[in-house]
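Here is what each chain is made of, one letter per residue.
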Amino acid sequence: MANFDEAITRRETGSLKWDRRPDLDPLWVADMDFTSPPAVIEALRKRVDHGVFGYGVPHASLIETLLDYLQRRIGIQVSEEAIVHLGGLVPALSLGARAFGSAGDAAMTCTPVYPPFLGIHRDASMELQTVDHCLINGSWSFDWDAMEKMVTPKTKIFILSNPANPLGRAFSSAEITQLAEFCERHDLILLSDEIHCDLIFDEEKTPHFSALNLPDELRKRTITLLAPSKTYNIAGLGYAFAVIPDEKVRKRFNAVKGHTLAEINCLAYYAAEAAYKDGEPWRQELLAYLRKNRDLLTTTLRNALPGIAIPEIEATYLAWIDCRPLEIENPTKKAEDAGLYLSDGAFFGHRNCLRINFGTQTDRLESALETLIAAVRS
Ligand SMILES: Cc1ncc(COP(=O)(O)O)c(C=O)c1O
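Residues numbered from 1 in each chain as written. Predicted model: local features only at pLDDT ≥ 70, side-chain atom pairs only at ≥ 80, totals over all residues.

### Observations regarding the environment of I176
Mapped onto the fold, I176 is located in helix α6 (residues 173-185). Sequence separation between I176 and F142 is 34 residues; the distance between their C-alpha atoms is 9.9 Å. Beyond its immediate stretch of four places on either side in the chain, I176 contacts N162, F171, F209, A211 and L214. (Helix = DSSP H or I, 4+ residues; strand = E, 2+ residues; numbered from the N terminus. Contact = placed C-beta atoms within 7 Å.)

Right, here's the structure in full:
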């Protein structure tokens, strides 16, 4: 049994989360304060013990594992050629922009959203079109009318986060199909970032609907981006992969790589394989722990701050707190003054909101929530 309650010292380990602001208690960037599954650590140890770290390639059993993962988790069969291996998911977003857009074109996304979505258009000298997500029956969804008004013939790509960082939505098959039809109607490539898809709390109620599950005629304009990094807490190793079923789309995507990408870390391949092959029991334990943290967070904040809506968090270990109804300026700064390092909503496209990472020990989360409530009330 994994012991997620065990606090692990991360200060002075070269951790972005813990070492950037040593004066603050960090619940910001999306990595978790847990060790990775023993199977992942063992696979890394075995590879390190070999002692030679020359250039790597995706080895045969990794590819087998990825194809098996796609079949088991997403229910699709793809050929090995459809997979593009990458050293991270953000570079893939940039490749998508550069492959399908150029100066004067536009990229569209819905906010609030993971900050690089609001920046990668610059890599292709494109413009950015953002439409706010809207609350429908207490759940974050798409504002279809606003998207129709915003889209122009210059729009070339739509960038989707599903499950959504920071909103915690696992979008339904109806929503993803409607979005894909929007892309088809306006001739857009759908870049579907599904990095959080193995962090859904109730798969019966809100199953993951991947862009890869779309019918063929819609799927052919999709690029689906996946990684084991968030679920198994190996983001620092750097590995992700794209699944691009259409050959022409894939060729264009690969063609813009040029000399812009580093070789993929030879250890990361082995960590990815072990995570997908042997990490499932650990993932189930993790989800049980995160579910408890999510419930603690939503119940505590709903009781303490009844002015703000906290919709159900269906996925991810990230909570979006929209403080705008409280009419306080810069809640993240208030939290910071009280000693907490949270993510400022402004970077996600919405000021006066904040994001809390609850992928940490429950007692730590509990005390951070107390601090946050006191700070917001003061
Ligand atoms: C939606 C989303 N995409 C991509 C990433 C980062 O991916 P990578 O570290 O592989 O570039 C994150 C990290 O938080 C994320 O939340």
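Next comes the rest of the write-up.
### Quick notes on the sheet that holds strand β14 (residues 353-357)
In space, the three strands of this open sheet follow the order β11-β14-β13, with antiparallel pairing throughout. Both outer strands of the open sheet, β11 (318-322) and β13 (343-344), are each paired with one neighbouring strand and no more. One ladder, built from five bridges, connects β11 with β14; its direction is antiparallel. The partner of L318 across the bridge, within β14, is N357. (Pairing = 2+ DSSP bridges.)

### A closer look at the domain arrangement of the protein chain
Examined at the domain level, the protein chain breaks down into domain 1 (16-38 + 280-377) and domain 2 (52-278). Counting residues at the interface gives 27 residues for domain 1 and 30 residues for domain 2. Contributing elements (two or more residues each) for the side of domain 1 that touches domain 2: α10 (280-304), β11 and β14. A total of four residues in the side of domain 1 that touches domain 2 trace back to one element, the largest contributor, which is α10. Its residues assigned to classes, the side of domain 1 that touches domain 2 shows 16 nonpolar, five polar and six charged. (Domains from an automatic or database assignment. Nonpolar A, V, L, I, M, F, W, Y, C, P; charged D, E, K, R; others polar.)

### Describing the packing of helix α4 (residues 89-100) against helix α8 (residues 247-255)
Where α4 meets α8, the closest approach of the two axes is 8 Å, and the angle between their N-to-C directions is 105 degrees. Classed by the angle they form, the pair α4 and α8 counts as roughly perpendicular. Counting all contacts with α4, which are made through L95, G96, A99 and F100, the residues of α8 involved are R252, F253 and A255. In the contact of α4 with α8, the residues fall into five nonpolar, one polar and one charged. (Axes fitted to C-alpha atoms, helices over the stretch in contact; angles between N-to-C directions. Parallel < 35°, antiparallel > 145°, perpendicular 65-115°, else oblique.)

### Comments concerning the pairing of strand β3 (residues 106-111)
Relative to strand β4 (residues 127-132), β3 runs parallel, the two sharing six bridges. Within β4, the residue paired with M108 across the bridge is Q129. Sheet topology places β3 next to strand β7 (residues 155-161); four bridges connect them, and they run parallel. Within the sheet, the bridge partner assigned to M108 lies in β7 and is F158.

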